[in-house]
Amino acid sequence: MSSVLGNCVRGLIIAPPGRKLIVNDYSSIEGRGLAYLAQEDYIVDFYRSVDADEVDYDSYMLAYAICFGVDPATVTKAMRQLGKPIEMAFGYGGGGAAFLTFAMTYHIDLVKAMEAIWETGDQKHLARCLDKYEWAKKNKYHAGMEPRMYAAFEYVKQKWRAARPKTVEFWDALATGFKNAIRHDKVTFEAGPFIKFRRSGEWLRMRLPSGRSLIFLQAKMQGDNISFMGLDRYTRQWKRQTTHGGKLSGLATQAMANDILRCALPKLEDRGYEVILTVHDEAIAETPDTDDFTSDDMAELMIEEIEWLPGFPLASDGFETPRYRKE
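Every chain begins its residue count from 1, and numbering advances along the sequence as written. Reporting in this predicted model follows two pLDDT cut-offs: at least 70 for local features of residues, and 80 or more for side-chain atom pairs to be given and counted; totals over whole chains, interfaces and linings ignore these cut-offs and use all residues. Water and hydrogen atoms were dropped before computing side-chain values, which therefore reflect all heavy atoms in the structure.

1. A word on the overall build of the protein
For step 1, the next point in the chain: A run of H or I in DSSP becomes a helix once it reaches four residues, and a run of E becomes a strand once it reaches two; helices and strands are each numbered from the N terminus. What the protein contains, in helices and strands, is 13 helices and 10 strands.
For step 2, the next point in the chain: Against the compact-globule benchmark of 20 Å for 327 residues, the protein has a radius of gyration of 22 Å, which places it among compact chains.
For step 3, the next point in the chain: In terms of overall dimensions, the protein has a C-alpha envelope of 65 × 55 × 40 Å along the principal axes.
For step 4, the next point in the chain: Each residue is placed in one exposure class: buried if its accessible area under a 1.4 Å probe, protein chains only, is under 20% of its type's maximum, exposed if it is over 50%, and partly exposed if it falls in between. Every one of the 327 residues in the protein was classed for burial, and the buried ones make up 46%.
For step 5, the next point in the chain: A contact between two residues is defined here by any heavy atoms of the two lying within 4.5 Å. Long-range pairs, those at least 24 residues apart, make up 56% of the contacts in the protein with a sequence separation of at least 6.
For step 6, the next point in the chain: The method behind every accessible area is Shrake-Rupley, applied with a 1.4 Å probe, and residues are considered shielded solely by the protein chains displayed. As displayed, the protein has an accessible area near 17,200 Å², and 51% of this comes from carbon and sulfur atoms.
For step 7, the next point in the chain: Of the charged side chains in the protein, 42 are positive and 46 negative, and the gap between their average positions amounts to 11 Å. Throughout, the radius of gyration refers to the C-alpha atoms, and the reference size of a globule is 2.2 Å times the residue count to the power 0.38. Under the counting rule used here, the positive set is Lys and Arg, the negative set is Asp and Glu, and His together with the chain ends is not counted. For this purpose, a charge sits on NZ of Lys, CZ of Arg, CG of Asp or CD of Glu.

Written as structure tokens, this is what we have:
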């Protein structure tokens, strides 16, 4: 129902006579952003290869190939479908429950996914994941899954993390920087070359590559757990919220993606692309309905290298339309 309503609302945005809409977004901006921040260089290089048309597979195919030790060029359509939740679920520290959520979002048959993992995965490794089930159930990490399903989804999580050691290190660095800032007032702590933490009284700042900061109010530690006061995304109530390195990596990556888009907006406006709306990593511009304004030209402006993100592999594409819609 929400997707139907969303499409109805989008369709209400219509260009007036003699004008058109150009809709462009950034390609895989979060996957690129996380790999860049974590210095997972082989993933950054993969995206550069995609942009140069040097490979004929995408990030979902690569995710499946990494987890199951196959050539990504040989990944089938069915394998790629399983690669979607693998790629989407684990980047921000998610586990089997996150994989379960994304698999359901993409309408993947959970039983078939489980059986496919058991059929193609390393049996000894899967057995070790199965041995972990009772511990996960006791600590309520099993998300209500039965043992074989839990083991299958735990398996792909562990395989993903083993293939992304720099990303796991980045999570740890973010958590450590956050904790150190809680302990020490007005002292700056780095988490890799791009992120910095500093607390001034009740306000703890996470400085992004752009120089902008995300601010956490009344951050504190209880044992090894860290939390801050904020607006709960589900209840919309002001409450204490827990966080960890993985969640912090998501906040940093998504905020940096927003900064990237905001860097492009003045350039688009100066060229005559009147931006009427932004949606996540997407810009919607209204222009005269002439060949002087194209999606390709808009993309070129959006992917110009940014001074504070040297070497970041930006890519953008889109389409022209009289009425706003999803591509």
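2. Some points on the sheet that holds strand β9 (residues 282-288)
For step 1, the next point in the chain: Strands pair, by our definition, only if DSSP identifies at least two bridges between them. Ordered by their spatial adjacency, four strands build an open sheet running β8-β9-β1-β10, and the pairing between neighbours is antiparallel. Both edges of this open sheet fall to β8 (274-279) and β10 (316-321), since each of them pairs with a single strand only. With strand direction ignored, the average angle separating the axes of adjacent strands in the sheet is 20°.
For step 2, the next point in the chain: Looking at chain direction, strand β1 (residues 19-26) and β10 are connected through six bridges and run antiparallel. Every axis in this analysis is a line fitted to C-alpha atoms, fitted for helices over the stretch in contact. Angles between the N-to-C directions lie between 0 and 180 degrees.

3. As for the packing of aromatic side chains
Think of a pair of aromatic rings as described by two things: how far the centres are apart, and how the planes are tilted against each other in angle.
For step 1, the next point in the chain: Ring pairs are drawn from Phe, Tyr and Trp, using the six-membered ring of Trp, whenever the two centres fall within 6.5 Å, and their geometry is named by plane angle: stacked under 30 degrees, edge-to-face over 60, tilted for the rest. Taken as a whole and assessed by the stated rule, the structure comprises 16 aromatic pairs.
For step 2, the next point in the chain: Any Lys NZ or Arg CZ found within 6 Å of a ring centre and within 35 degrees of that ring's normal is scored as a charge over the ring. Against the face of Trp118 rests Arg148, its NZ or CZ located 4.4 Å from the ring centre.

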